[in-house]
Amino acid sequence: MPEAAAERRRPPREADVILDVEFEDGLLFLVLENIGFRPAHAVRVRFGGPLRGLGGEKRVDRLRIFQRLELLPPRRRIRIFLDRAALFFARDEPTELEARISWRTDDGERRSRTVCHDLDAYRDFPYLEVPRDAR
């Protein structure tokens, strides 16, 4: 197979930003990650509605990190604490999370994607809370 034909079939190696959810030891985290191979510029995350965390005290959707992050290097992830799962679910917060992520490539082209998560999937996860000093 000619090398040029193989190169055309490979996915473009540009910035590719996602927002994921991680559950660890009863804690919920949002993860903003550039899974691509080039930097993402002017990264913004717009949530479909209010998202409260930290025991209901903080509007996580209003954090500066989501308003405009100038640079998210390739293969870099930023993990943001959302809340303790027990506290989040006890408040009867909406569990459906929709976010529109937008960024610019090195060439200045605007890219975006919408991600949807249902945090209710984590509601009945069994976990053993490990004291911080035992980690």
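Everything below is about the structure printed above this text.
Residues numbered from 1 in each chain as written. Predicted model: local features only at pLDDT ≥ 70, side-chain atom pairs only at ≥ 80, totals over all residues. Heavy atoms only, no water.

Chemist: With reference to specific residues and values, describe the overall build of the protein chain.
Modeler: Within the protein chain, the regular secondary structure consists of 3 helices and 9 strands. In sequence order, the secondary structure elements of the protein chain are arranged as α-β-β-β-β-β-α-β-β-α-β-β. The long-range share in the protein chain, meaning contacts at least 24 apart out of those at least 6 apart in sequence, stands at 63%. (Helix = DSSP H or I, 4+ residues; strand = E, 2+ residues; numbered from the N terminus. Contact = heavy atoms within 4.5 Å.)

Chemist: Describe in detail the environment of Pro 126, supporting the description with residues and values.
Modeler: Its location among the elements puts Pro 126 in the segment after strand S9 (110-118). Among the residues examined, Pro 126 registers a relative accessible area of 76% and is labelled exposed. (Buried < 20%, exposed > 50% of the residue type's maximum accessible area, 1.4 Å probe, protein only.)

Chemist: Can you break down the sheet that holds strand S3 (residues 40-47) residue by residue, with the values?
Modeler: Strands sit in the order S6-S3-S8-S9 across an open sheet of 4 strands; the sheet is antiparallel. Strands at the two margins of the open sheet, each flanked by one partner only, are strand S6 (69-72) and S9. Averaged over all pairs of adjacent strands, the angle between strand axes in this sheet comes to 35°, irrespective of strand direction. Note: S3 against S6, 3 bridges, orientation antiparallel. Looking at S6, one finds that Val 43 is bridged to Leu 69. (Pairing = 2+ DSSP bridges. Axes fitted to C-alpha atoms, helices over the stretch in contact; angles between N-to-C directions.)

Chemist: Run through the side chain of Asp 61, naming residues and quoting values.
Modeler: Among the secondary structure elements, Asp 61 is positioned in the loop between strand S5 (58-59) and helix H2 (64-67). Residue classification places Asp 61 among the buried residues on the basis of a relative accessible area of 10%. Side chain to side chain, Asp 61 and Arg 59 meet in a polar contact 2.8 Å long. Look past the residues within four positions of Asp 61 in its chain and what remains in contact with it is Phe 47, Gly 49, Pro 50, Leu 51, Phe 66 and Gln 67. (Polar contact = N/O pair within 3.5 Å; in protein donor to acceptor, adjacent residues only side chain to side chain.)

Chemist: So what's going on with the packing of aromatic side chains? Which residues, and what values?
Modeler: Under the definition given, this model contains 6 aromatic pairs. Consider the rings of Phe 23 and Tyr 122, whose centres lie 5.9 Å apart with planes at 15°: the pair is stacked. Taken together, the positions of Phe 23 in strand S1 (residues 17-24) and Tyr 122 in the segment after S9 put the pair 99 residues apart, joining distant regions of the chain. Tyr 122 shares its class with Phe 23; the two are buried. Ring centres of Phe 29 and Phe 81 lie 5.7 Å apart, and the angle between their planes is 65°; this geometry places the pair in the edge-to-face category. Here Phe 81 lies in strand S7 (residues 77-84) and Phe 29 lies in strand S2 (residues 27-34), a separation of 52 residues in the sequence. Among the aromatic residues, ring-to-ring pairing joins Phe 23, Tyr 122 and Phe 125 into one connected group. The cationic tip of Arg 13 hangs over the ring face of Phe 37; the distance from NZ or CZ to the ring centre is 4.1 Å. The side chain of Arg 79 reaches across the aromatic face of Phe 29, ending 3.7 Å from its centre. (Phe/Tyr/Trp six-rings, centres within 6.5 Å; stacked < 30°, edge-to-face > 60°. Lys NZ or Arg CZ within 6 Å of the ring centre and 35° of its normal.)

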